Amino acid sequence: MFYTSTRNNEIRVTASQAIVQGISEEGGLFVPCEIPHFDLDKISQMTNMSYIQRAKTVLKEFLTDFTQDELDYCVQGAYASEKFSSEKIAPTVNVKGNKNILELWHGPTCAFKDMALQLLPYLMTVSAKKTADGKTIVILVATSGDTGKAALEGFKNVKDTKILVFYPVDGVSPMQKLQMTTQEGDNVAVCAINGNFDDAQSAVKQIFTNDEIKAELAQKNMMFSSANSINWGRLVPQIVYYFSAYCDLLEQKRIELGDEINVVVPTGNFGNILAGYYAKKMGLPIKTLVCASNSNNVLTDFLKSGKYDKNRKFYTTTSPSMDILISSNLERLLYHMSGCDSSLVNELMNGLAEKGEYEVSVKLIEEIQKTFDAGCCDEQSVNDTIKQNFDENGYLLDTHTAVAVKVYEDYVKQTGDDIVTVIDSTASPYKFSKSVLTAVTGKEQTLDEFDMVDELNAVTGADVPASLKALKNKSVRFNNVCDKENMSEMVFKLLNL
């Protein structure tokens, strides 16, 4: 299995090279040159497997330059039972009728990013031994909240790595901020930026492709890589849980082998839903992938019209991990759906960089719409959905999952397509206690963060994750703040160079 770039499909690299490099030299994203196929017999065989076995079955098709021993080491280390609060790792829970929630937040940082970022450090270190010639890997991360903590936790004290995380100063929840600024580890650093996630992500990409900065790092025997979903090593583990959810539904006898399901994903950077697309292309019987956006509905507009336009008001919402107007992984979808046309992708991405917009052909958007639908949800609807689902079903949603549930309900009303559906649940409600408690009680909250956690627990009975409880008495380590224009200087400062 080789990988090419969305912006230069003459490139061929191994999985290890793609993972260590993170992003292609010319700024494109690595994609597999071919997509493996799983027939129904293979999917059936996975039903009786553990999550670890399911992960190995999927990943070995993509990581063909890893030995079986290396793959075993990576997967078993990442999904060790003591790291996850559910022995199923990512359980699929029926809420009502055909509505099933895929709980992706049972890992150490209580967010779906753990599903990939517990594995990526293992993949990175094994890959580096093959390709990086003893260099120290500097992991550079822009985060809208969850990726930052999950990456910090995954890479803390990992030999021959350093990790630097940048987050929007006013764009994460208090709990997300605490998780990052109290992070332990000798090789970690965190900095807020005056700006939003898109500002941080754009600056990170510019730093990645800056030849002067790369040369300066090389003199210190260092090289950049990424833990954002622009890194294939971040994205490929996410394919696994769609197969796992389908197997869970088979186990629970909610579907028969071969039955199609729909999948609804709350998404900002388009990585989580793109993993579902790869699963579908591999043969998993997914009928429609429904993309759920909050008030920053740039993806909804694109998937409905074919025009991508980031020149719009940016909203800071109660679902901050989706407060994104530049969805990086959409580039991968455009590459695949256009017949691997890297020149078209270059043209579209140049338009986005120069004008903040692009428009695809009618033919291309119609092709995309055969697989994808989309909807969005305002803040009041988020609150109403959290309250309604708790009152009626006794199930407590976080703000991001509430966006997906509302969009799912709207989709069913509009289309009548009420087949068995998996809805991705991306975070513990306790990461957004104020918003969730306000929604459930109907009252604005003035308590401090941990009093709100206790109150939410008292009102709902939902278990509080131990890792969030433990934050209460931790000391803040990082108070750095910089402007987006000064991020490259901050990188050198944080690296003590």
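Cut-offs applied
- Residues numbered from 1 in each chain as written.
- Predicted model: local features only at pLDDT ≥ 70, side-chain atom pairs only at ≥ 80, totals over all residues.
- Heavy atoms only, no water.
- Helix = DSSP H or I, 4+ residues; strand = E, 2+ residues; numbered from the N terminus.
- Buried < 20%, exposed > 50% of the residue type's maximum accessible area, 1.4 Å probe, protein only.
- Contact = heavy atoms within 4.5 Å.
- Areas by Shrake-Rupley, 256 points an atom, 1.4 Å probe, with all protein chains shown as cover.
- Lys, Arg positive; Asp, Glu negative; His and termini not counted.
- Charge placed at Lys NZ, Arg CZ, Asp CG, Glu CD.
- Axes fitted to C-alpha atoms, helices over the stretch in contact; angles between N-to-C directions.
- Parallel < 35°, antiparallel > 145°, perpendicular 65-115°, else oblique.
- Left-handed = near helix turned anticlockwise from the far one by under 90°.
- Nonpolar A, V, L, I, M, F, W, Y, C, P; charged D, E, K, R; others polar.
- Core = buried A, V, L, I, M, F, W, Y, C linked by side-chain atoms within 4.5 Å.
- Pairing = 2+ DSSP bridges.
- Disulfide = S-S within 2.5 Å.
- Right-handed = clockwise from strand over helix to strand, strands pointing away.
- Patch = residues over 30% accessible without salt bridge, like charges linked within 9 Å, V, L, I, M, F, W, Y side chains within 5 Å.
- Salt bridge = Lys/Arg side-chain N within 4 Å of Asp/Glu carboxyl O.
- Expected span 1.5 Å × (residues − 1).

> How should the overall build of the protein be read in this particular structure?
Within the protein, the secondary structure is distributed over 22 helices and 16 strands. Projected onto the principal axes, the alpha-carbon positions of the protein cover approximately 60 × 50 × 50 Å. A burial count over the protein gives 62% of its 497 residues as buried. Expressed as a percentage of contacts within the protein between residues at least 6 apart in sequence, the contacts between residues at least 24 apart total 75%. Split by element, the accessible area of the protein, about 18600 Å² in all, is 44% carbon and sulfur. Averaging the coordinates of the 49 positive side-chain charges in the protein and doing the same for the 65 negative ones gives two points 2 Å apart.

> It is not clear to me how the packing of helix α11 (residues 232-251) against helix α12 (residues 271-282) should be interpreted in this structure. Could you clarify?
One way to put it is that α11 packs onto α12 with a least axis distance of 8 Å and a crossing angle of 60°. Judged by the inter-axis angle, α11 sits oblique to α12. The interaxial crossing formed by α11 with α12 has right-handed handedness. In this structure, α11 uses W232, L235, Q238, I239, Y241, Y242 and F243 to contact α12, whose residues at the interface are G271, N272, I273, L274, A275, G276, Y278, A279 and M282. When the residues that make up the contact of α11 with α12 are grouped by side-chain class, the tally is 12 nonpolar, 4 polar and no charged.

> Explain the environment of A292 here, please?
Inspection of the secondary structure puts A292 in strand β11 (residues 286-293). You can call A292 buried: its relative accessible area is 0%. Each C-alpha atom, one on A292 and one on H37, is 27 Å from the other, the two residues being 255 residues apart in sequence. With residues near it in sequence (within four places) discarded, A292 still touches V264, V265, P266, T267, M322, G375, V403, A404 and V407.

> I would appreciate a short explanation of the nonpolar core in the present structure.
The nonpolar side chains of a soluble globular protein tend to be buried with one another. The biggest cluster of nonpolar side chains holds 141 residues, and the ones touching the most others in it are F166 and I239. Of all the elements, α11 adds the most residues to this core, at 13 residues. Non-local contacts of I239, meaning those with residues more than four positions away in its chain, are made with V58, F62, W232, A275, Y278, A279 and M282. Counting 40 residues, the second largest nonpolar core, distinct from the first, contains I101, V412, I423 and M452.

> For this particular structure, what's the right way to read the pairing of strand β4 (residues 92-96)?
Each regular strand shows side chains that alternate between the opposite faces of the sheet. The pairing of β4 with strand β5 (residues 99-103) spans 4 bridges and is classified as antiparallel. In the strand pairing of β5, T92 is matched with L102. The turn linking β4 back onto β5 is made up of 2 residues, and G97 within it adopts a positive phi angle of 60°.

> So what exactly am I meant to see when it comes to the state of the cysteines here?
Here a disulfide denotes one covalent bond, and it connects the sulfur atoms of two cysteines. In the structure shown here, the tally under the stated rule is 0 disulfides. Its sulfur unpaired, C377 is 7.9 Å from the next cysteine sulfur, which belongs to C376. A relative accessible area of 4% means that C377 is categorised as buried.

> Just checking my understanding: could you explain unusual backbone geometry for this structure?
Generally, phi is negative for residues other than glycine and the peptide bonds are trans, each holding for most cases. The phi angle at K253 is positive, at roughly 60°, despite the residue not being glycine. Residue position: K253 is located in the loop between α11 and β10 (261-266).

> Explanation requested: the side chain of T181 in the structure shown.
Following the sequence through the fold, T181 ends up in helix α8 (residues 174-181). Leaving out residues up to four positions away in the same chain, T181 has contacts with Y167, S475, V476, R477 and F478.

> Could you clarify how one ought to interpret the sheet that holds β10 in this entry?
For sheets, the rule is that strands pair by backbone hydrogen bonds, running either parallel or antiparallel. Strand order in the open sheet formed by 6 strands is β4-β5-β15-β10-β11-β14, with mixed pairing between adjacent strands. Lying at the two open borders of the sheet, with one neighbouring strand each, are β4 and β14 (372-376). Averaged over all adjacent pairs, the angle separating strand axes in this sheet is 25°, with direction ignored. Along the sheet, α12 makes contact with β10, β11, β14 and β15 (421-425), crossing β11 at roughly 175°.

> Teacher, can you tell me more about the pairing of strand β8 (residues 188-194) here?
In terms of burial, β8 is largely enclosed, as 6 of its 7 residues are buried. Bridge count for strand β7 (residues 161-168) against β8 is 6 bridges, and the pairing is parallel. Along β8, the bridge assignment pairs V165 with V190. Between the parallel elements β7 and β8, the chain passes through α8 in a crossover that is right-handed.

> Help me understand a negative patch on the surface, please; the structure alone is not making it clear to me.
Taken together, the side chains of D448, D451, D454 and E455 define an acidic patch exposed on the protein surface. Within the fold, D448 resides in the loop between α19 (433-441) and α20 (449-460). Owing to a relative accessible area of 44%, D448 belongs among the partly exposed residues under this scheme.

> Please clarify how α12 should be interpreted in this entry.
Counting along an α-helix, one turn takes 3.6 residues, and residues three or four places apart therefore face a common direction. Helix length check: α12, at 12 residues, gives a terminal C-alpha distance of 17 Å against a target of 16 Å (1.5 Å per residue), a fit within 8%. Here α12 lies mainly inside the structure; 10 of its 12 residues are buried. Of all the residues in α12, the buried ones are G271, N272, I273, L274, A275, G276, Y277, Y278, A279 and M282. Immediately downstream of α12, the backbone of G283 shows phi near 120°, a positive value.

> Explanation requested: the packing of helix α3 (residues 51-62) against α11 in the structure shown.
To describe two helices that pack against each other, one gives the angle between their axes and the distance between the axes. Relative orientation of the contacting elements α3 and α11 amounts to 130°, with a least axis distance of 9 Å. When the axes of α3 and α11 are compared, the pair comes out oblique. Our pair here, α3 against α11, has a crossing hand that is right-handed. Every residue of α11 that contacts α3 at Y51, R54, A55, V58, L59 and F62 is listed here: W232, V236, P237, I239, V240, Y241, F243, S244, C247, D248 and E251. Residue composition of the contact of α3 with α11, by class: 13 nonpolar, 1 polar and 3 charged.

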